[in-house]
Amino acid sequence: TSEAVTSLISEAVIDRNRVLGIGIAIAAFVQSTTGTVVQAPYLGWQEVELGNEMSRRTGHPVNVENIADAINQAEQTTGTVRGIEDVFLIHCSVTCGGSLSHQGKLIRGANFSAGHIGHLPMGKSSLVCSCGAMDCLNVHASGWSVLASLGRIDSQSYKTKDNELYAGAMIELLAENPDRDTPEGEALFQAGWCLGRALRIVSLIMDPQAIVLAGKLAESSAYVGGCTAALSELSAEQPHKMPAL
C-alpha cells in the first residue's frame with residue numbers, strides 16, 4: 001500500500017517535500033482518531049493500525065476514514081449539501097454503505113458502524129450477503145445484487161475475493177446507461193426502489209435534513225429513478241415529511 005502511495009505521488013509529478021499529509025478512504029469500520037481499521041469485512045482485516053503503519057513507511061501524517069464518512073464530510077464542506085448539518089449519505093456501489101452527521105458532526109456509533117445500512121433487514125431473497133444473511137439491503141439494492149439478478153456474474157453468494165470482478169462488471173453495466181424499458185434498466189430501477197424503501201426507515205429514525213446518494217450507482221438514472229419513486233410514493237402516504245434527496 002505504501003508503494004502505491006509513493007507511485008501516485010510520482011505519477012502526479014508532485015515534489016515530495018510539498019506533501020503535507022496523506023488521506024486514505026477505505027471500505028471499513030474505522031476509528032479515525034487513531035487511524036485504526038477496526039474491521040474491514042471485504043478485505044478480511046481486523047484491528048489493523050493502518051494510519052500508524054502508513055505514516056511509518058511514508059514519513060507523512062496519515063488520516064484514515066471510512067469512504068462514506070469521507071464523502072459526507074466533503075459534500076458538507078464544498079459539495080451539494082454545503083451548509084446543511086444533518087445529512088444521511090448512502091454510498092451505493094458494489095455494496096451499500098452509509099454515513100450520518102448531526103449538527104455538522106459525524107455520528108460514528110459504539111462500533112464505528114453508525115449509518116452503515118447495507119445489512120439492514122429488508123425481506124428474504126435468493127441471494128446471500130457477505131455476512132451470510134439472505135435479507136440484507138445488500139441483496140436487494142447493491143450493484144452486486146443487480147449483477148446477480150441479471151446473470152452477469154456467476155454467483156448467488158457474495159464472495160469477498162471477487163470484489164474486483166464485481167466492480168468491473170458493475171462499471172461495464174453502468175457504462176451502457178440502460179433505460180428502464182430494458183431488463184438491465186428495470187433491474188436497476190427495482191434495486192433503487194428497494195433502497196428508497198430503506199431510506200424511508202432511515203428518515204423516520206434519523207430525521208436528516210437531506211439525503212445524499214453517492215457512489216457509482218448514483219450515476220444511473222434508472223437506479224436514482226427507482227429510489228425517488230419509492231420515496232415519493234411513501235411520502236404521499238405518510239404525515240412524516242421526507243427530507244430533500
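Conventions and cut-offs
- Residues numbered from 1 in each chain as written.
- Predicted model: local features only at pLDDT ≥ 70, side-chain atom pairs only at ≥ 80, totals over all residues.
- Heavy atoms only, no water.
- Core = buried A, V, L, I, M, F, W, Y, C linked by side-chain atoms within 4.5 Å.
- Buried < 20%, exposed > 50% of the residue type's maximum accessible area, 1.4 Å probe, protein only.
- Helix = DSSP H or I, 4+ residues; strand = E, 2+ residues; numbered from the N terminus.
- Contact = heavy atoms within 4.5 Å.
- Pairing = 2+ DSSP bridges.
- Axes fitted to C-alpha atoms, helices over the stretch in contact; angles between N-to-C directions.
- Salt bridge = Lys/Arg side-chain N within 4 Å of Asp/Glu carboxyl O.
- Phe/Tyr/Trp six-rings, centres within 6.5 Å; stacked < 30°, edge-to-face > 60°.
- Lys NZ or Arg CZ within 6 Å of the ring centre and 35° of its normal.

*Asks:* Explain the nonpolar core to me, and be specific about the residues and the numbers.
*Replies:* In this structure, F88, I90, W144, L188, L195, L199 and Y223 are the most contacted members of the largest nonpolar core, which totals 39 residues. For this core, the elements supplying multiple residues, two or more each, are β6 (87–92), β7 (96–102), α4 (138–141), α5 (143–150), α6 (163–175), α7 (183–206), β9 (210–214) and α8 (221–237). Every residue in contact with W144, bar those within four places of it in the chain, is listed here: V94, L127, V128, C129, N138, V139, I153, S155, Q156, S157, Y158 and Y166. V19, I22, A40 and V62 belong to the second-largest nonpolar core, a separate cluster that totals 14 residues.

*Asks:* Describe unusual backbone geometry, listing the residues and the values that go with them.
*Replies:* For F112, which is not glycine, the phi dihedral falls at a positive 60°. Considering the arrangement of structural elements, one finds F112 in the loop between β8 (105–107) and α4. Looking at F112, the relative accessible area reads 23%, which means it is partly exposed. At D207, a position not held by glycine, the phi torsion is positive, near 50°. Tracing the backbone through its elements, the reader meets D207 in the loop between α7 and β9.

*Asks:* Could you give me a rundown of the sheet that holds β6, with the residues and numbers involved?
*Replies:* If you walk across this open sheet you meet the 4 strands as β8-β7-β6-β9, and the pairing is mixed. Taken across any chain shown, the strands that pair with only one partner, and hence form the sheet edges, are β8 and β9. When the angles between neighbouring strand axes are averaged without regard to direction, this sheet yields 25°. Of the pairings in the sheet, the one linking β6 to β7 comprises 6 bridges and is antiparallel in character.

*Asks:* I'd like a rundown of the pattern of salt bridges, residues and numbers included.
*Replies:* As a working rule, side chains carrying opposite charge can pair if their charged atoms are close by. Evaluation of the coordinates by the stated rule reveals 9 salt bridges. A salt bridge links R108 to D69; the nearest nitrogen and oxygen atoms lie 3.6 Å apart. Here R108 is found in the loop between β8 and α4, whereas its partner D69 is found in helix α3 (residues 67–78), with 39 residues between them in sequence. Classification of D69 as buried rests on a relative accessible area of 5%. By sharing partners, the salt bridges in this structure join E53, R56 and R57 into a single network.

*Asks:* Just give me the short version of the packing of aromatic side chains, but keep the residues and values in it.
*Replies:* According to the stated counting rule, one finds 2 aromatic pairs in the structure shown. Between W144 and Y158, the ring centres sit 5.4 Å apart and the planes meet at 70°, which makes this aromatic pair edge-to-face. With a gap of 14 residues between them, W144 in helix α5 and Y158 in the loop between α5 and α6 connect regions that are remote in the sequence. Comparing W144 with Y158 shows no difference in burial state: the two are buried. Among the aromatic residues, those joined into a cluster by ring pairs are W144, Y158 and Y166. The aromatic ring of F189 is capped on one face by R180, whose charged end is 3.5 Å from the ring centroid.

*Asks:* Before we move on, can you summarise the pairing of β9 with the specific residues and values?
*Replies:* Every other side chain in a regular strand lies on the same face of the sheet, so the side chains alternate between the two faces. Burial analysis of β9 places 5 of its 5 residues in the buried class, the great majority of the element. Here β9 shows two buried faces, one formed by A210, V212 and A214 and the other by I211 and L213. Relative to β9, β6 is paired through 5 bridges, and the arrangement is parallel. Its bridge partner lying in β9, I90 is registered against L213.

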